[in-house]
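The residues making up each chain are set out below.
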Amino acid sequence: MEKTLRELADFVGGEVYGDGDLRIKRVSPIEQALVGDITFIANPRYEKLLEQTNASAVIVSAQGPKGKKSQLRTDQPYLAFAQIQRLWHPPPARSPLDPGQLRDGVKLGKDPSIYPNATVCEGTTIGDRVVLHPGVYVGENCRLGDDVTIFPNAAIYSGTTIGSRVTIHSGTVIGSDGFGYAPEGTRYYKIIHAGSVVLEDDVEIGANCTIDRAVTEGRSTWIRRGTKIDNLVQVGHNVEIGEDCLIVSQVAIGGSARIENHVTLGGQVGVAGHITIGHGSSAGGQAGISKSLPSGSFVLGSPAAPVRRKRREFAALSRLPDLFQRFREMEAKLKALEEGKREDRGDER
Amino acid sequence: MEKTLRELADFVGGEVYGDGDLRIKRVSPIEQALVGDITFIANPRYEKLLEQTNASAVIVSAQGPKGKKSQLRTDQPYLAFAQIQRLWHPPPARSPLDPGQLRDGVKLGKDPSIYPNATVCEGTTIGDRVVLHPGVYVGENCRLGDDVTIFPNAAIYSGTTIGSRVTIHSGTVIGSDGFGYAPEGTRYYKIIHAGSVVLEDDVEIGANCTIDRAVTEGRSTWIRRGTKIDNLVQVGHNVEIGEDCLIVSQVAIGGSARIENHVTLGGQVGVAGHITIGHGSSAGGQAGISKSLPSGSFVLGSPAAPVRRKRREFAALSRLPDLFQRFREMEAKLKALEEGKREDRGDER
Amino acid sequence: MEKTLRELADFVGGEVYGDGDLRIKRVSPIEQALVGDITFIANPRYEKLLEQTNASAVIVSAQGPKGKKSQLRTDQPYLAFAQIQRLWHPPPARSPLDPGQLRDGVKLGKDPSIYPNATVCEGTTIGDRVVLHPGVYVGENCRLGDDVTIFPNAAIYSGTTIGSRVTIHSGTVIGSDGFGYAPEGTRYYKIIHAGSVVLEDDVEIGANCTIDRAVTEGRSTWIRRGTKIDNLVQVGHNVEIGEDCLIVSQVAIGGSARIENHVTLGGQVGVAGHITIGHGSSAGGQAGISKSLPSGSFVLGSPAAPVRRKRREFAALSRLPDLFQRFREMEAKLKALEEGKREDRGDER
């Protein structure tokens, strides 16, 4: 496929600088780009590469420097790159339906791709253009919207509701039982998990995640529109995650926690059960959050604390062994002073 | 289904307060309950909701306050709730046998539910009323007790022994090789893992866990009766976990570690290999336990330490930047004192 | 199977001490060994068990003590044990081919074992003696070398290249999309992941890992020869891991990080994106590495620091509450001195 630079600029709403008739054959990262390619610079730090790249054109910030090379200038170069990238990577061709594992009472939308070895159970409704790869399991009475893609060997337990344009990667488990037991003497008695899970539109879930169903019938663990979840993330029963959150890999969110909109949790963060992370908050990797955070918080560390305070703590901690040394010296000086004073006074008790 | 309040009280061994003939249609959480429902208050903190709920009856502590609403009074309201919940959620209907993937020499008990795309390999023995969902793999020479349920796409490697009433959720892997290599120059030579895994009765394992087999033939990684394991937990080769432990999500237990009975490990805890966690111990989320703990320990932090000491450390750490400030002030004062002293003495060397 | 002690010594290039004609029936760990078994002592700490074990012969260090029992003496007893172990555990018998799920254009090598419910997609090339267990998914245009074994329900996305003698355990996902989104207002726009994954020869990957594909076409997330990865490990897009690394369970490696050769990362370690871990470095369990490390580093803690410094910090931290106490005492003394001084001077302002 080829597009002119002007066609690409029009497609993303940007401006051409240089030769709009330039024919572009590929999108490439800046160090690898060849003649005929378009690349991008999203970070001003890399503007020095502008004249070095072999690319024929570069997507740059509308505020960035010009030069000898043709440019596509836009306010959001990284977004423009992501949009243009799709032109060269259309969705894959669809598979014919393999009806072998569709049980009774399944309702299918238009143009489904249900691969061999996928299972769809009784009472489930599936929207248009849904792709279920081999080994996918969708339990009873689920509802999937349009343009849902579920990759091989993911398992969706019964009663799950999935919006449109949702992607779920391989090995992810949606709707297994939460971790709830009532003590019975020294043993544990299982709490039945009769609730469900809701994933709203435009949610994406990475590989090998686990999202538990809610405890009681009529309630759901709930992940709202546009939230993106990386790999190996644990979401406990009755958790609510707001819109447009980013949850990086290996995060664990305890039962009944509430994550508001636009929250970012770094890799391996732990969030205790029953707390609230306020709107727009972020947590650095490995943070351990055991108390609710107000909106706009930015925390680090375990136990987590606001970033400025935590950075001061980390800095102080690294100087702590020296403090002990200085402290011993001061104790010695003070003792010398005290003894000197006693001598001055002629203390002889 | 409907039950009278008296029938429910008799079922759990509790007392009726108010109208024993009240007809109960559903079990619900307190904020959602409607007329006709029974709900519960397990924590005295929520007793204020007693008069506000729309529920027709409430399961409460035998010591709790009474009021206008009918009650089921019992010493263990949360357990009673869990027991009553089961009345409304009988086990799901069984599937007819799909014999396609049963290899030779498999012995099946009564009323099996082996779903399409499940695989059971040579020499495996399966008890009564076992449910193997689609995509489940059970390797050669395994033994499964009665009433075992394995959810879609879990994999049980060869030689695994599973007791009765064991539940294993989707994506969990039992019996894969442990992480063992002998250095061979600068390379690594694989240690064959010829041992196995034993899960005793009433064990429950969440989704996407990994439990490694033991190294040598005749030995097993061993999880004892009644222990409950959450999602994404790693259990290394030759680990032993005692009875009635609770292992929360994303815990990692190093090879040959020994967890005694009634231990609780919070989310994301790490336990080093070859150590022992004594009977009845607990560890808070993200604790990093690198040394054996005596019975009844309660630890926090990484490296883990007893909770009282660790809380004092955390508190001291948060005040550490101030300590540096106060320390500098004290150094200045001390210097002033020392100089004053020299002046007093007329030091002029 | 039986071998004489001399045959075993010849096989591993060691020396016989005692009776070379001794017939060995089994390899066993030292506490469990019976008459007829050979066992090993790799750690001098256990040499005291030499005379207590029931084993007929012991693999020991060429520098170790002798005694009444026959020995196989070698410079590397643990490696010799691992090598001898293989004699008693030959590779399992091969399954006949089940061609059901082979799509068009798949090229198979010699003696494949493709089990029922495995899927191999268009354009994939498979080497000799490859074993694909039930539920394995191999996407389009992959290349697998010789003697590759993939355990049940692992998923290999399209375009993955796998060398020879690679083992991948159950539930692992290779080549799913990395976590990359361009902000679009307050929402996120998905970055297409058109790159791939390369696993070189002799790589072993445990169960339920996730290894993301690279972002752009022509680039790969890359794991080099001989590296061993434990269970539940996350490897982000465009990561490079060098040769002969050991990555213990639940490690997370952020996108575009570079791990050089011979690096060891302990359990639950987190590595930030875009940093380099130098050749031969190690990190203790739960370390949080957010900055590049030079070759030969050994770090602990979160944030990670060199082990000596971090141990001093941990020690200082544990004594910090006492420091506060001593500090308060010193402040009191200093105040007394200051007041004494004022009295001496007759300060009365």
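Cut-off values and rules
- Residues numbered from 1 in each chain as written.
- Chains lettered and ligands numbered in written order.
- Predicted model: local features only at pLDDT ≥ 70, side-chain atom pairs only at ≥ 80, totals over all residues.
- Heavy atoms only, no water.
- Helix = DSSP H or I, 4+ residues; strand = E, 2+ residues; numbered from the N terminus.
- Rg over C-alpha atoms; globule rule 2.2 N^0.38 Å.
- Contact = heavy atoms within 4.5 Å.
- Areas by Shrake-Rupley, 256 points an atom, 1.4 Å probe, with all protein chains shown as cover.
- Lys, Arg positive; Asp, Glu negative; His and termini not counted.
- Charge placed at Lys NZ, Arg CZ, Asp CG, Glu CD.
- Pairing = 2+ DSSP bridges.
- Axes fitted to C-alpha atoms, helices over the stretch in contact; angles between N-to-C directions.
- Domains from an automatic or database assignment.
- Polar contact = N/O pair within 3.5 Å; in protein donor to acceptor, adjacent residues only side chain to side chain.
- Buried area = accessible area lost by both parts, 1.4 Å probe.
- Salt bridge = Lys/Arg side-chain N within 4 Å of Asp/Glu carboxyl O.
- Buried < 20%, exposed > 50% of the residue type's maximum accessible area, 1.4 Å probe, protein only.
- Least-squares fit on C-alpha atoms with pLDDT ≥ 70 in both.
- pLDDT = per-residue confidence, 0-100.
- Parallel < 35°, antiparallel > 145°, perpendicular 65-115°, else oblique.
- Left-handed = near helix turned anticlockwise from the far one by under 90°.
- Nonpolar A, V, L, I, M, F, W, Y, C, P; charged D, E, K, R; others polar.
- Expected span 1.5 Å × (residues − 1).
- Phe/Tyr/Trp six-rings, centres within 6.5 Å; stacked < 30°, edge-to-face > 60°.
- Arc of directions from axis to C-beta.

Novice: Can you help me understand the overall build of chain A in this one?
Specialist: Across its full length, chain A carries four helices and 37 strands. What you see for chain A is a C-alpha radius of gyration of 29 Å, clearly larger than the 20 Å of a compact globule of 349 residues, by over 25%. Overall, the C-alpha framework of chain A stretches about 105 × 75 × 30 Å when taken along its three principal axes. Within chain A, residue pairs in contact and separated by at least 24 positions form 21% of the contacts whose partners lie at least 6 positions apart. Here chain A has roughly 14,300 Å² of accessible surface; of this, 48% comes from carbon and sulfur atoms. Computing the positive centroid from 42 side-chain charges and the negative centroid from 42, chain A places the two 4 Å apart.

Novice: Quick question: what am I supposed to make of the sheet that holds strand S4 (residues 26–27) of chain C here?
Specialist: Sheet strands pair via backbone hydrogen bonds, and the direction of the pair is either parallel or antiparallel. Residue and element names in this part refer to chain C. In space, the five strands of this open sheet follow the order S2-S7-S6-S5-S4, with mixed pairing throughout. The two strands at the open ends of the sheet, each matched to only one other strand, are strand S2 (15–17) and S4. As defined by bridge partners, S2 adjoins strand S7 (residues 70–74) across three bridges and the pair is classed as antiparallel. If you follow tyrosine 17 over to S7, its bridge partner there is glutamine 71. Along the sheet face, helix H1 (residues 5–12) touches S2, strand S5 (37–40), strand S6 (57–61) and S7 and points at about 5° away from the line of S7. On top of the sheet, helix H2 (residues 77–88) reaches S4, S5, S6 and S7; it is set at about 145° to S6, its chief contact.

Novice: Where do I start with the domain arrangement of chain A in this structure?
Specialist: You can read the domains of chain A as domain 1 (3–88), domain 2 (99–308) and domain 3 (320–349). Computed over C-alpha atoms, the centres of domain 1 of chain A and domain 3 of chain A are 69 Å apart.

Novice: Explain the side chain of C:Ser281 here, please?
Specialist: Residue and element names in this part refer to chain C. With respect to the element layout, serine 281 can be found in the loop between strand S33 (276–277) and strand S34 (282–283). A distance of 3.2 Å separates a polar atom in the side chain of serine 281 from the backbone oxygen of proline 294. A polar side-chain atom of serine 281 sits 3.5 Å from the main-chain amide nitrogen of glycine 296. When residues no more than four places from it in sequence are discounted, the contact partners of serine 281 are His262, Val263, Thr264, Pro294, Ser295, Gly296 and Ser297.

Novice: How should I be thinking about the interface of chain B and chain A in this particular structure?
Specialist: How large an interface is tends to be reported as the accessible area lost when its parts come together. Of the residues lining the interface, 58 residues belong to chain B; the matching set on chain A comes to 69 residues. A combined buried area of about 5,400 Å² lies between chain B and chain A, and 59% of that area is made up of carbon and sulfur atoms. Along the contact surface separating chain B from chain A lie three salt bridges. The salt bridge involving A:Lys190 is made with B:Glu204; its shortest N-O contact spans 2.9 Å. Counting every contact that joins chain B to chain A gives 24 residue pairs in polar contact (both at pLDDT 80 or more).

Novice: Honestly, the pattern of salt bridges in this entry has me stumped. Any pointers?
Specialist: Any two side chains of opposite charge can pair, on the condition that their charged atoms come close. Under the criterion given, the structure shown has 53 salt bridges over all chains. Between C:Arg225 and C:Asp244 there is a salt bridge; the shortest N-O distance is 2.8 Å. One end of the pair, C:Arg225, is in the loop between strand S24 (220–223) and strand S25 (228–229); the other, C:Asp244, is in the loop between strand S27 (240–241) and strand S28 (246–247), and 19 residues separate them in sequence. Each of the two residues, C:Arg225 as well as C:Asp244, counts as buried. Each of A:Glu200, A:Arg224, A:Glu240, A:Arg258 and A:Glu260 takes part in one network of salt bridges that share partners.

Novice: Before we go on, may I ask you to explain the relation of the copies chain A and chain C in this structure?
Specialist: A rotation about an axis combined with a shift along that same axis relates the two copies of the chain. Note on the identical chains: chain A maps onto chain C by a rotation of 120° and an axial translation of 0.0 Å, with an RMSD of 0.1 Å. Here the two chains are linked by the operation of a three-fold rotation axis.

Novice: Looking at this structure, how should I read the confidence of the model for chain A?
Specialist: Low-pLDDT portions of the prediction should not be read for the details of their coordinates. Summary statistics for chain A give a mean pLDDT of 92 and a share of 96% for residues scoring 70 or more. Across the predicted assembly, pTM comes out at 0.92 and ipTM at 0.91.

Novice: What should I look at first to understand the packing of H1(C) against H2(C) in this one?
Specialist: The geometry of a pair of packed helices is captured by two quantities: the angle between their axes and the separation between those axes. All names here are of chain C. Where H1 contacts H2, the axes come no closer than 10 Å and their chain directions differ by 120°. The pairing of H1 with H2 is recorded here as oblique in orientation. For the pair H1 and H2, the sense of crossing is right-handed. Counted together, Leu8, Phe11 and Val12 of H1 and Ala80, Gln83, Ile84, Leu87 and Trp88 of H2 form the full contact between these two elements. Class assignment for the residues of the contact of H1 with H2 results in seven nonpolar, one polar and no charged.

Novice: Help me understand the interface of chain A and chain C, please; the structure alone is not making it clear to me.
Specialist: Contacts between the two partners involve 58 residues from chain A, matched on the other side by 69 residues from chain C. Carbon and sulfur atoms supply 59% of the area that chain A and chain C bury against each other, a total of about 5,400 Å² over both sides. On the surface where chain A and chain C come into contact, there are two salt bridges. Linking chain A with chain C are 24 residue pairs in polar contact (both at pLDDT 80 or more), by the criterion used here. No other element matches helix H4 (residues 320–345) of chain A, which puts 14 residues into the side of chain A that touches chain C. Here the side of chain A that touches chain C is built from residues that sort into 26 nonpolar, 19 polar and 13 charged.

Novice: Would you mind showing me how to read helix H3 (residues 307–318) of chain C here?
Specialist: Given 3.6 residues to a turn, an α-helix orients residues that are three or four positions apart in the same direction. Given a rise of 1.5 Å per residue, twelve residues ought to cover 16 Å, and the 16 Å separating the end C-alpha atoms of H3(C) matches this to within 8%. Buried within H3(C) we find C:Val307, C:Lys310, C:Glu313, C:Ala316 and C:Leu317.

Novice: Would you mind going over the packing of aromatic side chains with me for this structure?
Specialist: All chains considered together, the criterion is met by 18 aromatic pairs over all chains. For the pair A:Phe40 and A:Tyr78, a centre-to-centre distance of 5.7 Å together with 35° between the ring planes defines the contact as tilted. Of the two residues, A:Phe40 is situated in strand S5 (residues 37–40) and A:Tyr78 in helix H2 (residues 77–88); the sequence distance between them amounts to 38 residues. A relative accessible area of 29% places A:Tyr78 in the partly exposed class. When the ring of A:Phe151 is compared with that of C:Tyr157, the centres are 5.0 Å apart and the planes differ by 25°; the resulting orientation is stacked.

Novice: What's the story with the environment of B:Asp212 in this structure? I'm lost.
Specialist: Along the chain, B:Asp212 turns up in strand S23 (residues 210–212). Distance from B:Asp212 to B:Gly178, taken between C-alpha atoms, is 5.0 Å for residues 34 residues apart in sequence.

Novice: Just checking my understanding: could you explain the sheet that holds strand S11 (residues 131–132) of chain B for this structure?
Specialist: Read from one edge of the open sheet, eleven strands run S8-S11-S14-S17-S22-S25-S28-S31-S34-S36-S37 (chain B), paired in mixed fashion. This sheet does not close on itself; its edge strands, each paired only once, are strand S8 (113–114) and strand S37 (305–306) of chain B.

Novice: Any chance you could explain unusual backbone geometry here in plain terms?
Specialist: Glycine aside, negative phi is the norm for most residues, and most peptide bonds take the trans geometry. The linkage connecting A:Ser302 with the following residue, A:Pro303, adopts the cis geometry, with an omega of 0°. Summarising the element assignment, A:Pro303 is placed in the loop between strand S36 (298–300) and strand S37 (305–306). Located in the positive-phi region is B:Asp202, a residue other than glycine, with phi close to 65°. A positive phi angle is found at C:Asn238, which is not glycine, with a value near 65°. Here C:Asn238 is to be found in the loop between strand S26 (234–235) and S27. Among the residues examined, C:Asn238 registers a relative accessible area of 14% and is labelled buried.

Novice: Honestly, helix H1 (residues 5–12) of chain B in this entry has me stumped. Any pointers?
Specialist: All names here are of chain B. Those residues of H1 that fall on the buried side of the exposure criterion are Leu5, Leu8, Ala9 and Val12. Each buried residue of H1 sits inside an arc of 100° when the element is viewed along its axis, so together they form one side. Positive phi appears at glycine 13, one or two residues downstream of H1, with a value of about 75°.

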